[in-house]
Amino acid sequence: MTDLVKHQRMANAIRALAMDAVEKANSGHPGLPMGAADIATVLFTRFLKFDPTEPFWPDRDRFVLSAGHGSMLLYSILHLLGVEEMTIDELRNFRQLGSKTPGHPENIHTTGVETTTGPLGQGLGNAVGMAIAERLLAAEFGDDIVDHRTYVIASDGDLMEGISHEAISIAGHLRLSKLIVFYDDNHITIDGPTSLSESGDQVARFEAAGWEAMRIDGHNAEEIAAAIEAAQRNTRPTMIACRTTIGFGAPIKAGTAASHGSPLGADEIAGTRKALGWDHPPFEIPADVRDSWRIAGLKASQLRKDWEKRLGAIDAEKRAEFERRIRGDLPSGLDEAMASYKKKLCADRPKVATRKASEMALDVINAVVPETIGGSADLTPSNNTRSAGLVEVTPDNFSGRYIHWGIRELGMSAAMNGMALHRGVIPYSGTFLVFSDYARPAIRLAALMGNRIVFVMTHDSIGLGEDGPTHQPVEQLAALRAIPNLLVFRPADVVETAECWHLALQRNSTPSLLALTRQGLPTVRPEYGEENLCARGAYEIAPAEGDAEVSIFASGSEVEIALAAKGLIEAKGHPTRVVSVPCFELFGEQSKDYQAETIGTAMVNVAIEAAVRQGWDRFIGNDGVFVGMDSFGASAPYKELYAKFGITAEAAAGAVFDRLTALA
């Protein structure tokens, strides 16, 4: 058997498994796996460092199927290579409840899947982050321990999405030479030919962003191999535009939108089998083809064993540090450092904006947690994310720990997902809270995947003042709190900010978002306590003088207002308690008894937050009093805005008095 025939049979195995699984499920996308099978076969059998017996070894090459709708491409390969859990029955159960083969790849369910893809462009952004993490760790631990590439298959749709501009731009700027993208240039989207909506030159576009780029025949194995070899020699990231035929082999539907997102149908599958010379029943792989794939998988096993020897030969302390970071364990000194810092805060009682309080906490954290990698979307002086001593990451120096992402909120957030997935680093970066809307798709995927990332979002309310309603977040807190598995922290002072940062780092399978103020806030919790009270999500910060008639719940900058309102209400003889609510999600994790105790039994429940009401009824009930926003903001000094919108101690007290009168 010639090498060409062998390659064709190996690639046809992917095509057959893909079309058969989609047909059985009566759902899915056969076209991309059939069209990209030659690319994937060359990559996985001749170049990719991936050991199917140890899919998570740290120095493996990363493969990202950014075009996640073509998931059967990846599942077929994992099965053919011999990943234990990817059985033929899993392929038969494609897109079925509980299977390891969901409609789009999900790293949380399937061994061998590096990231959850499907929303187009996100995988490309993740891959940029993986390539950044590789360079950061190589700069610290050496190329003998960290030396791998990140490969991507991206579709026309991936490159149409706006995130692709952000991702390729930062990758080109940083000269991520170990990032190699295969563009599956099949000229087809769901609606039909790409000419319906696209007339750009993708090769020229990538070249303009600082990439090497080339065009090849995506069905010619030797051209594919030569392109990969050239890409591996490049000093910049590489895009390989592979001209392919979607649904390759299908006699009628190949090259058309009909093969994109629907089963081919029994007659078309029979014609495809004939055209490909594949006369085997569905889900049956002939022994010679299976053996060829398994032999290819075994090649990487020796590379892994050689790497393990190199790792074992380095200094024991350095090896232990590398392994700790890959596991995701925090350094042992963090708890002690944070406790000492909190004691100091309670003694000093500074009045600072919580964005500044975050910077102060980072000064402590970054000194004892060397894997934190900071950054900002061109708002470093405003987000306060660059703590003392952090050196910039540049194209020529990856020993730094601070990345200037430029004005690329979505690209930044998607890259942080990739960095977290790579493991070995803990990324955090900042922008304004209102621009969380730009980053939201990546924040959502971070929550879905359970990535430890900290999104630092400053200028969290009308308290930012003069920039006006375009920059004043109103609905963003409610929208972010609606995302499952995302911790949204809104601390009230320096002490809560330190506690929230500590919690964010400790949660290794949950992303966190810190909503922080521009305006200065007093220390509202001056007494030191060893317990991290923010871990409760909500806690009584000021008890009533007697049996409470009124409970006030507040977050962030409005806790100060709540405490002032308590004084006004109690001056009129109505015992009032204040509950600080730094994190809805953590409160939801507490026992029912604790939740009931914290909410209490007061006659009047009030919530104060400079945002919309959504979400607060869990504390105050449908009939509770809400002091906050029900419109967009305005441009003015922040104290004037709080007065205009009635978010003051006096307004809160007045609302309470009105309710008490009505209840009398």
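Let me begin by describing the structure that accompanies this report. (Residues numbered from 1 in each chain as written. Predicted model: local features only at pLDDT ≥ 70, side-chain atom pairs only at ≥ 80, totals over all residues. Heavy atoms only, no water.)

### Some words on the environment of Leu 410
Here is step 1 of the chain: Along the polypeptide, Leu 410 turns up in helix 16 (residues 409–422).
Here is step 2 of the chain: Separated by 286 residues in sequence, Leu 410 and Leu 124 place their C-alpha atoms 12 Å apart.
Here is step 3 of the chain: If we skip the residues at most four places from it in the chain, Leu 410 touches Gln 122, Ile 163, Glu 166, Tyr 438, Ala 439, Pro 441 and Ala 442. (Helix = DSSP H or I, 4+ residues; strand = E, 2+ residues; numbered from the N terminus. Contact = heavy atoms within 4.5 Å.)

### Observations regarding the sheet that holds strand 17 (residues 550–554)
Here is step 1 of the chain: With respect to topology, five strands assemble into an open sheet ordered 16-18-17-19-20, the strand pairing being mixed. Looking at the sheet topology across the chains shown, the edges are occupied by strand 16 (539–542) and strand 20 (625–627). Adjacent strand axes in the sheet meet at a mean angle of 30 degrees, parallel and antiparallel pairs treated alike.
Here is step 2 of the chain: Across five bridges, strand 17 lies against strand 18 (residues 576–580) in parallel orientation. (Pairing = 2+ DSSP bridges. Axes fitted to C-alpha atoms, helices over the stretch in contact; angles between N-to-C directions.)

### Some thoughts on helix 1 (residues 3–25)
Here is step 1 of the chain: Spanning 23 residues, helix 1 covers 33 Å between terminal C-alpha atoms, matching the ideal 33 Å at 1.5 Å per step.
Here is step 2 of the chain: Note on helix 1: the residue one or two positions beyond its end, Asn 26, has a positive phi of about 55 degrees. (Expected span 1.5 Å × (residues − 1).)

### Observations concerning the pairing of strand 11 (residues 426–432)
Here is step 1 of the chain: Of all the seven residues making up strand 11, seven are buried; the element is thus mostly covered by neighbouring parts of the structure.
Here is step 2 of the chain: Between strand 11 and its parallel partner strand 12 (residues 454–458), the chain crosses via helix 17 (residues 436–449), and the hand of that crossover is right-handed. (Buried < 20%, exposed > 50% of the residue type's maximum accessible area, 1.4 Å probe, protein only. Right-handed = clockwise from strand over helix to strand, strands pointing away.)

### Comments concerning the side chain of Arg 62
Here is step 1 of the chain: Residue position: Arg 62 is located in strand 1 (residues 62–65).
Here is step 2 of the chain: It turns out Arg 62 is buried and unbridged, and the closest side chain with the opposite charge, Glu 114, is 4.3 Å from it.
Here is step 3 of the chain: Looking at Arg 62, its side chain comes within polar contact range of the main-chain oxygen of Arg 60, at 2.8 Å.
Here is step 4 of the chain: At 3.1 Å, the side chain of Arg 62 forms a polar contact with the backbone oxygen of His 422.
Here is step 5 of the chain: Contact partners of Arg 62, with chain neighbours within four places excluded, come to Trp 57, Glu 114, Met 130, His 148, Arg 149, Thr 150, Tyr 151 and His 422. (Lys, Arg positive; Asp, Glu negative; His and termini not counted. Salt bridge = Lys/Arg side-chain N within 4 Å of Asp/Glu carboxyl O. Polar contact = N/O pair within 3.5 Å; in protein donor to acceptor, adjacent residues only side chain to side chain.)

### Details of the environment of Asn 186
Here is step 1 of the chain: Examined against the element boundaries, Asn 186 turns out to sit in the loop between strand 3 (179–185) and strand 4 (188–189).
Here is step 2 of the chain: Judged by relative accessible area, Asn 186 falls into the buried class, the value being 7%.
Here is step 3 of the chain: Separated by 51 residues in sequence, Asn 186 and Pro 237 have C-alpha atoms that sit 22 Å apart.
Here is step 4 of the chain: When sequence neighbours within four positions are dropped, the list of residues in contact with Asn 186 reads Asp 156, Arg 243, Thr 244 and Ile 246.
Here is step 5 of the chain: Among the polar contacts listed, one links the side chain of Asn 186 to the backbone nitrogen of Ile 188, at a separation of 2.9 Å.

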